Amino acid sequence: MSETLRRAVSGGRVGHAYLFCGPRGVGKTTLARVLAMALNCSKRSDDGEPCGACDNCTRIWGGHTALDVVEIDAASNRGVDDARDLRERAMYAPSAEGRFKVYIVDEAHMLTREAWNALLKILEEPPASVVFIFATTEIKKIPATIISRCQKFDLQRVDLKILSNHLKSICQNESISFENDSISHICKASEGSVRDALSLLDQAASLC
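Residues numbered from 1 in each chain as written. Predicted model: local features only at pLDDT ≥ 70, side-chain atom pairs only at ≥ 80, totals over all residues. Heavy atoms only, no water.

**Student:** So, the packing of aromatic side chains: which residues are in play, and what are the values?
**Tutor:** Scanning the entire structure with this criterion turns up six aromatic pairs. Between Tyr103 and Phe132, the ring centres sit 5.6 Å apart and the planes meet at 25°, which makes this aromatic pair stacked. Pair noted here: Tyr103 is in strand 3 (residues 101-106) and Phe132 is in strand 4 (residues 130-136), with a separation of 29 residues, a long-range link. A relative accessible area of 2% means that Tyr103 is categorised as buried. (Phe/Tyr/Trp six-rings, centres within 6.5 Å; stacked < 30°, edge-to-face > 60°. Helix = DSSP H or I, 4+ residues; strand = E, 2+ residues; numbered from the N terminus. Buried < 20%, exposed > 50% of the residue type's maximum accessible area, 1.4 Å probe, protein only.)

And the structure:
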């Protein structure tokens, strides 16, 4: 999946709309931010990888306001007026040549039917250099007319072995002592959700 997106960026074949779906805590919003970084990084590598250190990258990664990247929580901005405002803002060009206007819509399944209808037109005839990224845990609530106009990526729960190695690496970097059995219990309790695993690890580290 990441390789597909990386090649799209490096090859100039970026879609105008992406739909990232999967269980909570598996990296949908993170992936959306990395894609937004890659599209707007002035020091992007030839293979489509963002540098992660420039001002654009650090602001986008931190979820802060960036000139060409906007994150929207559909749970609290779900109405038709919000969608119309988004549609109007999308008509403005990016701040510089070679950049993209990126709109990340989290919890996209919370948008009303009227809001989706308001967005449908711009998804059918997208402006140049505008990319929409919708993230959702409930793909069944996304209208079929929208899905058909997006490149859809299904994110799965993280393999427990990969998750275990990730937590151990964090512990080592943060000088947190751990036992393998404890890490294993945390991974199983998180059920493959990276966010839940990190939360449990933080709680365990605080208590111990």
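**Student:** Requested: an account of the state of the cysteines, with residues and values cited.
**Tutor:** Taken as a whole and assessed by the stated rule, the structure comprises zero disulfides. The thiol of Cys51 is not disulfide-bonded; the next cysteine sulfur, from Cys41, is found 3.5 Å away. We note that Cys54 lacks a disulfide partner, and the nearest cysteine sulfur, in Cys57, lies 3.5 Å from it. For Cys54, a relative accessible area of 10% puts it in the buried group. (Disulfide = S-S within 2.5 Å.)

**Student:** So what's going on with the sheet that holds strand 5 (residues 151-154)? Which residues, and what values?
**Tutor:** The strand order 2-3-4-1-5 describes an open sheet built from five strands, whose pairing is parallel. If you trace the sheet from one side to the other, it starts and ends with strand 2 (69-73) and strand 5, each paired once. Taking the axes of each pair of neighbouring strands and ignoring which way they run, one obtains an average angle of 15° across the sheet. (Pairing = 2+ DSSP bridges. Axes fitted to C-alpha atoms, helices over the stretch in contact; angles between N-to-C directions.)

**Student:** Which residues make up the packing of helix 4 (residues 80-89) against helix 5 (residues 113-124), and what are the values?
**Tutor:** Relative to each other, helix 4 and helix 5 sit at 15°, their axes nearing to 7 Å. Classified by the interaxial angle, the pair formed by helix 4 and helix 5 is roughly parallel. Here the hand of the crossing between helix 4 and helix 5 comes out right-handed. When helix 4 is examined against helix 5, the residues Val80, Ala83, Arg84, Leu86 and Arg87 are found in contact with a partner set consisting of Glu114, Ala115, Ala118, Leu119 and Ile122. (Parallel < 35°, antiparallel > 145°, perpendicular 65-115°, else oblique. Left-handed = near helix turned anticlockwise from the far one by under 90°. Contact = heavy atoms within 4.5 Å.)

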